[in-house]
Amino acid sequence: MLAAIGVAIALCAPGCASDVSACLTLINSPELREPGPLFLTSFPEARDGPLHDTAFLYDNAVAIIALTGCGRPNQAARIGEAILLALDHDRYWTDGRIRNAYLTGPVKHHPLPLPGWWEPAQNKWVEDRYQVGSDTGNMAWAMLALLTLYEQDREPAYLSGAERIGRYVENAWSDVRPRGYEGGTFGHEPEPEPNRWKSTEHNTDLAAAFGRLARDSGDKHWAVLSKKAAAFVAAMWNSKCHCFAVGTGDDGHTRNRILALDAQLWPLLAIPDGATRFPGALATAQERLRHGDGFAYSEAGTGIWTEGTAQAGLLMGLSQPTDDQTALASVIARNRTADGSYYASDGPSLPTGFQLQTDPTKPREYYHTPHLAALAWVALLQMRFNPFTGTSTLPGTSQIRN
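Fair warning: this is a prediction, and the values are worked out from it, not measured in the lab. (Residues numbered from 1 in each chain as written. Predicted model: local features only at pLDDT ≥ 70, side-chain atom pairs only at ≥ 80, totals over all residues. Heavy atoms only, no water.)

**Section: unusual backbone geometry**
Geometrically, the link from His-110 to Pro-111 is a cis peptide bond, its omega value of 0 degrees lying close to zero. Positive phi, close to 55 degrees, is recorded for Asp-53, a residue that is not glycine. Here Asp-53 shows up in the loop between β1 (38-39) and β2 (54-56). Asp-53 sits in the partly exposed class, given a relative accessible area of 33%. With a phi angle near 60 degrees, Arg-154 is a residue other than glycine that sits in the positive phi range. Position of Arg-154 among the secondary structure elements: in the loop between α4 (136-153) and α5 (156-169). With relative accessibility at 46%, the residue Arg-154 sits in the partly exposed group. (Helix = DSSP H or I, 4+ residues; strand = E, 2+ residues; numbered from the N terminus. Buried < 20%, exposed > 50% of the residue type's maximum accessible area, 1.4 Å probe, protein only.)

**Some details on the packing of helix α8 (residues 261-270) against helix α10 (residues 281-288)**
For the pair α8 and α10, interaxial distance at closest approach is 9 Å and the crossing angle is 155 degrees. Judged by the inter-axis angle, α8 sits roughly antiparallel to α10. The handedness of the crossing between α8 and α10 comes out as left-handed. Taken together, the residues of α10 that come into contact with α8 (itself represented by Leu-261, Gln-264, Leu-265 and Leu-268) are Ala-281, Leu-282 and Ala-285. Residue classes in the contact of α8 with α10 are distributed as six nonpolar, one polar and no charged. (Axes fitted to C-alpha atoms, helices over the stretch in contact; angles between N-to-C directions. Parallel < 35°, antiparallel > 145°, perpendicular 65-115°, else oblique. Left-handed = near helix turned anticlockwise from the far one by under 90°. Contact = heavy atoms within 4.5 Å. Nonpolar A, V, L, I, M, F, W, Y, C, P; charged D, E, K, R; others polar.)

**A look at helix α2 (residues 57-69)**
Under the 1.5 Å per step criterion, the end-to-end length of α2 is 18 Å for 13 residues, consistent within 8% with the ideal 18 Å. By the criterion of burial, α2 is predominantly enclosed, with 13 of the 13 residues buried. One or two steps after α2, the chain reaches Gly-71, where phi turns positive at roughly 85 degrees. (Expected span 1.5 Å × (residues − 1).)

**Some thoughts on the nonpolar core**
Membership of the largest hydrophobic core comes to 116 residues, with the highest contact counts inside it found for Phe-39, Ile-98, Trp-141, Ile-165, Trp-377 and Phe-388. When sequence neighbours within four positions are dropped, the list of residues in contact with Trp-141 reads Tyr-58, Ala-61, Val-62, Ile-65, Asp-205, Trp-266, Trp-377, Pro-387 and Phe-388. (Core = buried A, V, L, I, M, F, W, Y, C linked by side-chain atoms within 4.5 Å.)

**Examining the environment of Pro-35**
Within the secondary structure, Pro-35 sits in the loop between α1 (22-27) and β1. Pro-35 sits 84 residues away from Glu-119 along the chain, and the two C-alpha atoms are 32 Å apart.

This is the structure in structure tokens:
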């Protein structure tokens, strides 16, 4: 297992100098010095507003998988324990859903506190409606993280937690064509708004999570759900442009044809034999989503998305390594912070091509600020650890590349 690599001095794959190892930065995070279950800060330099002391579920799930790939499953398990506590101690829900974000730091109180901030204009404490919601894709990543931990030590609680989340998420299925899993919920209890759109990214996540759940539990029910999610992803494939639509609009039917990087790369990392089933997806991303030596988030991007650039490098490293990886490693290194973390973007702001769900008049952007997910994905790249499979292989392949 790649976990054993973590005991070595050089915590990175060939070509990665140990003094710039993202694994070392992640492992030595000051936050991990606190005892007990905890969530890591997503944007540690955010001083106020919605991102201050906010631990996004997706970021922490990727951190769990990266820490495991770096050979530190015990540290990863502390975040996993926090996710299990979130399942058991929500302030309202008991149905297996978990929130998009939690308050940063050790879990010391039940129910688990959610992030928020004082809003002077309203003279009250407020919470972000996205953060208190439950996106399908984020919950799929929590499943992947818990299954990664389960595959390390066979602790039943991790498998049980993934199953509980899976039983909730399967209710997001929609028979509106193209059939697939909807986006989850947005807003506060007791009646959050349903997200009727379907995402290529979310269904990719679920195809991988359900597939691993089937393997780890021996329950064929999850294999059926995995194939259903993968079928939606295949329905988003356009052989003319060799690209994936990002998903559907709010009607759950009309395809949203914006070209986004993760929608092109993740199916190749997550879907069995995706690299052969969807030929040209990586080439399309290289042709249409490159920005300088790296990659933008989407065609709307005017800068480099560190997280996505690391994802592209990982895909290349697990498929057919090329000299292009050297260029990607160089641009990623330029986005490294003084303390060894990584900026989300190389410029002041990076448009995604989407609007904020909390305020549709404003664009959703990444900023030139340290980001936990960027650090975790760089660690995955350096260790050549595929978060969708929990191995150093693409799904459907057998050769392990160290």
